[in-house]
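The lines below spell out each chain.
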Amino acid sequence: MKLFSAEQIKRIDAATIEREPISSIQLMERAALACVDWIEDYYEKDVEFHIFCGMGNNGGDGLALARLLNNAGYNCRPFIVAHRSKGSAEFDHNLSRLDEVELNVHYINGLKEMPRVNENSIAIDAILGIGLDKPLRGIIRDVVKGIEEGYDHVISIDIPTGIPADFTTVNWNTAVRASHTLTFQFPKLSFLLPDMGDYTGDVHVLDIGLDELAMEEEHSTYFLTMDEEVESFRPMRKVFSHKGDYGHALIVGGHEGMMGAAVLATKAALRSGAGLVTAHVPSCGRDVLQISAPEAMVQTDHSERSVSNVPVSSRISAIGIGPGLGREHSVFKGLEKLLSEIELPVVLDADALHLIGTSQAWHLIPQNAILTPHKGEFERMLGREVESPLELLQEASAWAGDKKCIVVLKGAYTAVCDSDGNVYFNSTGHPAMASGGTGDVLTGIIAGLLAQGITPIRAARYGVWLHGCAGEEVAARRGEHSVVAGDLIDALF
Ligand SMILES: NC(=O)C1=CN([C@@H]2O[C@H](COP(=O)(O)OP(=O)(O)OC[C@H]3O[C@@H](n4cnc5c(N)ncnc54)[C@H](OP(=O)(O)O)[C@@H]3O)[C@@H](O)[C@H]2O)[C@@H](O)CC1
Ligand SMILES: [K+]
């Protein structure tokens with residue numbers, strides 16, 4: 001799914017209005033109806049909605065919603081946050097339609113006019129949407145603070161009031177902290193970075209039928225990887241086939257005391273469909289690997305404690321390097337030799353990135369290699385700390401362009417940056433996955449997919465998507481505090 005800036009969304013709205021054709025007011029009605037459908041699925045009729053409306057079109061949504069929720073049998077009370085003397089045309093239209101249902105509307109000019117909250121009260125935030133163009137001030141700011149203090153449960157319409165739709169480094173300091181955000185057609189860019197994304201609660205994308213052609217015509221370098229698309233990346237299994245048809249992944253990792261990382265990556269490569277998997281580990285790791293991953297072959301290094309020299313057979317089709325490698329200079333020398341000799345698809349993680357970064361040996365990274373750093377690892381690659389999540393993303397994207405590789409910046413909404421400047425955010429995953437070893441599992445999955453011959457960008461996008469699905473599945477089954485990396489491997493499908 002393509003993602004757009006606020007300016008682009010306004011153009012797509014306008015194109016929909018012109019081409020469908022549909023009036024702006026009808027489009028707003030469609031948006032409000034989509035919210036009612038969602039609300040009816042989610043809430044019983046014993047709640048009381050306090051609907052806070054601004055005076056632009058987001059407020060228009062709120063007023064339409066008040067009328068429609070009232071018709072659906074909900075108890076609702078609309079409040080207008082009086083931040084300007086005149087409303088937009090769509091706001092005025094929906095204000096006048098409240099007469100149809102005899103709903104009284106209350107104006108809030110000061111905090112004293114905020115409603116009394118009881119245990120069934122839910123705030124609906126329809127104050128500002130994509131029209132926000134400056135940090136909050138005046139009465140809107142006060143009401144937003146009042147909502148934060150007064151309500152445990154808040155639903156934001158389109159976007160939580162106070163956060164911009166676009167990526168920005170401006171400090172917007174006050175915003176509604178929503179429990180749910182019902183956003184129209186596509187998630188807004190700002191939802192995908194932690195400084196703003198923290199305010200949205202659970203994001204629900206409601207289809208309001210915006211013009212497909214207009215969305216196609218708008219150029220964007222930002223995408224959200226969705227289930228339907230990524231399913232087509234899955235390597236096909238043929239009826240008449242054997243293990244040799246599905247590639248041979250080599251996992252290079254392990255160090256005395258850190259053999260578990262190599263085990264996790266090896267098992268993940270096996271579970272992601274590679275026909276054959278070999279683990280290259282220091283000789284002290286041979287028994288550990290053979291017992292933990294009997295389906296894999298083990299190739300032992302002549303060094304006892306760490307990897308130092310990795311022969312690569314001509315049968316290998318992709319390599320995953322890094323899990324638990326350790327950071328000794330001898331390991332770097334082995335890595336240097338390996339990377340200068342191979343011409344295979346490769347994924348580099350953890351200690352491999354650290355070793356290359358420490359020696360500033362970035363020339364060793366093959367074109368189209370996949371690098372999977374988290375924030376701290378990427379900062380070490382950069383050689384400095386970044387100031388904001390946006391700067392981190394921009395630097396990762398620039399890095400992928402400069403080095404002609406793929407950078408998988410791990411986090412909530414992991415960003416897969418390609419060398420053409422495109423950024424694919426992942427739509428799966430769970431906070432339960434923030435635990436040791438999950439990165440090693442990802443390296444193994446991607447190596448297994450690369451071995452099966454899918455392109456590096458697809459292997460990276462599909463790999464993070466699968467990894468996230470497994471995290472969601474295990475978190476639902478075990479509870480979010482009890483997920484360990486090995487659970488993800490068994491949940492891969
Ligand atoms: N048919 C359609 O178009 C559809 C539109 N849709 C909906 O419309 C929403 C976009 O509506 P929009 O463009 O009217 O902008 P909106 O978010 O209501 O804000 C405008 C107001 O913001 C004010 N303002 C800005 N910053 C401020 C601040 N810091 N502090 C205080 N005020 C501030 C600004 O006031 P001004 O600064 O001009 O005085 C202006 O009054 C979109 O998110 C979606 O919900 C959907 O129904 C689909 C169909
Ligand atoms: K809002």
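Residues numbered from 1 in each chain as written. Chains lettered and ligands numbered in written order. Predicted model: local features only at pLDDT ≥ 70, side-chain atom pairs only at ≥ 80, totals over all residues. Heavy atoms only, no water.

- The name given to the protein chain in an unreviewed UniProt entry is Bifunctional NAD(P)H-hydrate repair enzyme, with the source organism recorded as Phaeocystidibacter marisrubri.
- Heading Subunit (unreviewed entry) of the UniProt record for the protein chain holds this comment: "Homotetramer." (UniProt positions renumbered as here; feature names shortened; annotations may be inferred.)

Description of the coordination of the potassium ion (ligand 2)
- At the metal site, the potassium ion (ligand 2) is ligated by N58 (OD1), D125 (O), L128 (O), I157 (O) and I159 (O), and these contacts range over 2.7 to 3.0 Å.
- Between consecutive donor residues of the potassium ion (ligand 2), the sequence gaps follow N-x66-D-x2-L-x28-I-x1-I. Remark: I157 occurs in strand β5 (residues 154-157) and L128 occurs in the loop between β4 (121-126) and α5 (138-150); sequence separation between them is 29 residues. Per residue, the accessibility class of L128 equals that of I157, and both read buried. (Donors = N, O, S within 2.8 Å, 3.2 Å for Na, K, Ca; no water. Helix = DSSP H or I, 4+ residues; strand = E, 2+ residues; numbered from the N terminus. Buried < 20%, exposed > 50% of the residue type's maximum accessible area, 1.4 Å probe, protein only.)

A look at the environment of S419
- In this fold, S419 is placed in the loop between β16 (415-417) and β17 (423-426).
- Classification of S419 by relative accessible area gives partly exposed; the value is 24%.
- C-alpha of S419 to C-alpha of C405: the two residues are 14 residues apart in sequence and 5.8 Å apart in space.
- Apart from the residues within four sequence positions on either side, S419 is in contact with A400, G401, K404 and C405. (Contact = heavy atoms within 4.5 Å.)

Considerations on the side chain of E90
- Here E90 shows up in helix α4 (residues 89-96).
- A polar side-chain atom of E90 sits 2.6 Å from a polar atom in the side chain of S24.
- Setting aside its immediate chain neighbours within four residues, E90 contacts S24, I25, M28, N57 and G60. (Polar contact = N/O pair within 3.5 Å; in protein donor to acceptor, adjacent residues only side chain to side chain.)

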